[in-house]
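# A closer look at the structure
So you can see what is in the structure, the chains are spelled out below.
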Amino acid sequence: MLPSEYPIKQVRATYPALSDGHAYLDGAAGTQVPRSVIEAIATAYRSGLGNVGGAFPASHRSDAIVAACRAAVADLVGGRPGGVILGPNMTTLTYRLARAIAGPGDEVVVSRLDHDANVRPWTQTGATVRWAEVDPVTGELPVEQYADLVNERTRVVAVTAASNIIGTRPDVPAIAEIAHAAGALVYVDGVHATPHGPVDMRALGADFYATSAYKWSGPHIGAVIADPALLETLRPDKLAPSSDTVPERFETGTSPFADLDGVTAAVDHLAAMVPGTGNRRERLLNSMAAAEAYEQALFAVLVEGLETMPHVTTYGKPARRTATVYFNVAGRTPHQVAEHLAKLGVNVWHGHNYAWELTGAMGIRDAGGAVRAGLVHYNDRSDVDRLLDGVARLE
Ligand SMILES: Cc1ncc(COP(=O)(O)O)c(C=O)c1O
């Protein structure tokens, strides 16, 4: 599908929140949800829910919701339902997994491109830490360095599928190849990448793929997907009476079942953004590819507009990136720029956005980072024009 054929009006019409007139360019921090997700959550509550594993219908409904949610998330990333671990968010799940995977005596490789949620859980395991460096000007994560970083003691290589501030999509398959050759596991942070195009965790070489539904039109739920056979080898901290099966033994406490139904609805929504045929996985690949092409065409307008303004500095120029731009305006703090844009009805984020190491490497963290604007599948040309117009007024 050509970017010009992407049904943006229809997609936008499914999001009630967009009718408030704001330009929602804050999707990288969390997206709005379509009506179908809101309805799914409300319907689940209306129909009566019980805790899982009981003998009565409300409990059976929750069992079915959990199973459907695992199947949906597996379809989204190309994983297996039996390897989908669900939890409150990516950070919590990554802490839990990291503790089960690595410890003193191991080595872990983390990158300065990553959101801190794929850094600190690993550096705090007690393992020896090795750092993959970013080129602070281009924003690229050179692959070659991994050959020197990985050795037979490396337990895990943690790397992002996309930077949450400058959008860099590093060459994860090449990094994974180096890691696997040394016998290491690969933990991919797909939180920022997932909403921006089709995902195939096997093609990425991800042993673990982490994602968060609230970045792709769903509720605040995180997931980590892995091969069930790999999960069988890990023993996370858990309560004595809680399930010891996979993936349940990685899930602590009681899940928000209605929200899990919302996650399934969000995956179905993504699969249906453009007309398509085939099973849900096939429709997802088709729909997300169309959304990506649309986003990238719009992003070119956004970046070009910012780059031609003499009072604007943009950060990073990676060859492959999501539709996410990070910039500063001369004479204004990032907070001032975000406040100015907010008055014009344009929502953007300011600060380090938890890209702690990257903003440090770029030398802007202590000065407040920069402003982040990102496009997702529901943004349109008027959102971009309003941002450009608002920034132009700051000259
Ligand atoms: C790239 C990336 N990784 C991890 C996270 C943390 O996700 P969560 O809020 O689900 O813990 C975020 C959140 O912004 C992110 O953008």
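Nothing here was measured: the structure is a model prediction, and the numbers come from that model.

### Remarks on the domain arrangement of the protein chain
Each domain of the protein chain was delimited in the assignment, giving domain 1 (8–35 + 281–393) and domain 2 (38–271). The straight-line distance from the C-alpha centre of domain 1 to that of domain 2 is 24 Å. Between domain 1 and domain 2, a total of about 3800 Å² is buried, with carbon and sulfur atoms accounting for 57% of that surface. At the junction of domain 1 and domain 2, the tally comes to three salt bridges. Glutamate 292 is the partner of arginine 169 in a salt bridge, and the nearest nitrogen-oxygen pair spans 3.8 Å. Between domain 1 and domain 2 we count 27 residue pairs in polar contact (both at pLDDT 80 or more) in total. Looking at the side of domain 1 that touches domain 2, the element that brings in the most residues is helix α11 (residues 280–307), giving nine residues.

### Re the side chain of threonine 211
Mapping threonine 211 onto the fold places it in strand β7 (residues 208–212). Not counting residues within four places of it along the chain, the set of residues in contact with threonine 211 comprises Met90, Gly190, Val191, Thr194, Trp216, Ile221, Gly222, Ala223 and Ile225.

### Overview of the site of the ligand
The environment of the ligand is made up of Asn89, Met90, Thr91, His115, Ala117, Asn164, Asp189, Val191, His192, Ser212, Tyr214 and Lys215. Between the ligand and tyrosine 214 there is a distance of 2.5 Å, counted from an oxygen atom to a side-chain nitrogen or oxygen. Its free accessible area being 390 Å², the ligand has 90% of it covered by the protein chains. Looking at the shell around the ligand residue by residue, the classes come out as four nonpolar, six polar and two charged.

### Re the pairing of strand β3 (residues 107–111)
Most of β3 sits inside the fold, with five of its five residues counted as buried. Pairing of β3 with strand β4 (residues 128–132), which is carried by five bridges, proceeds in the parallel orientation. By the bridge assignment for β4, glutamate 107 is matched with threonine 128.

### Some points on the packing of aromatic side chains
Tallying each qualifying case throughout the model produces five aromatic pairs. Between the aromatic rings of tryptophan 122 and tyrosine 187, the centroid separation amounts to 5.0 Å while the plane-to-plane angle is 70°, which identifies the pairing as edge-to-face. A residue pair is termed long-range when its members are at least 10 positions apart, and tryptophan 122 in helix α5 (residues 120–123) and tyrosine 187 in strand β6 (residues 185–189) qualify at 65 residues. Judged on exposure class, the residue tryptophan 122 and its partner tyrosine 187 are both buried.

### Regarding the layout of surface pockets
Of the voids in this model, the largest pocket is the one considered here, and its volume is about 450 Å³. Per-class residue counts for the lining of the largest pocket are ten nonpolar, nine polar and three charged. Counting contributing residues per domain, the lining of the largest pocket is built from domain 1 (8–35 + 281–393) and domain 2 (38–271), each supplying no fewer than three. Taken as a whole, the second largest pocket encloses approximately 340 Å³ of empty space. In this structure, the second largest pocket is lined by 16 residues; those nearest its centre are Val52, Glu248, Glu251, Gly253 and Ser255. Contributions of two or more residues to the lining of the second largest pocket are made by α3 (57–77) and α10 (257–271). In terms of residue count, α3 provides more of the lining of the second largest pocket than any other element does, four residues in total. Its residues assigned to classes, the lining of the second largest pocket shows six nonpolar, six polar and four charged.

Criteria and cut-off values
- Residues numbered from 1 in each chain as written.
- Predicted model: local features only at pLDDT ≥ 70, side-chain atom pairs only at ≥ 80, totals over all residues.
- Heavy atoms only, no water.
- Domains from an automatic or database assignment.
- Buried area = accessible area lost by both parts, 1.4 Å probe.
- Salt bridge = Lys/Arg side-chain N within 4 Å of Asp/Glu carboxyl O.
- Polar contact = N/O pair within 3.5 Å; in protein donor to acceptor, adjacent residues only side chain to side chain.
- Helix = DSSP H or I, 4+ residues; strand = E, 2+ residues; numbered from the N terminus.
- Contact = heavy atoms within 4.5 Å.
- Near = heavy atom within 4 Å.
- Areas by Shrake-Rupley, 256 points an atom, 1.4 Å probe, with all protein chains shown as cover.
- Nonpolar A, V, L, I, M, F, W, Y, C, P; charged D, E, K, R; others polar.
- Buried < 20%, exposed > 50% of the residue type's maximum accessible area, 1.4 Å probe, protein only.
- Pairing = 2+ DSSP bridges.
- Phe/Tyr/Trp six-rings, centres within 6.5 Å; stacked < 30°, edge-to-face > 60°.
- 1 Å grid on protein atoms, 1.4 Å probe; cavity = no way out; pocket = protein on both sides within 12 Å on 5 of 7 lines; lining within 4 Å.
- Points joined across faces, edges and corners; volume = space filled by probe spheres on them.

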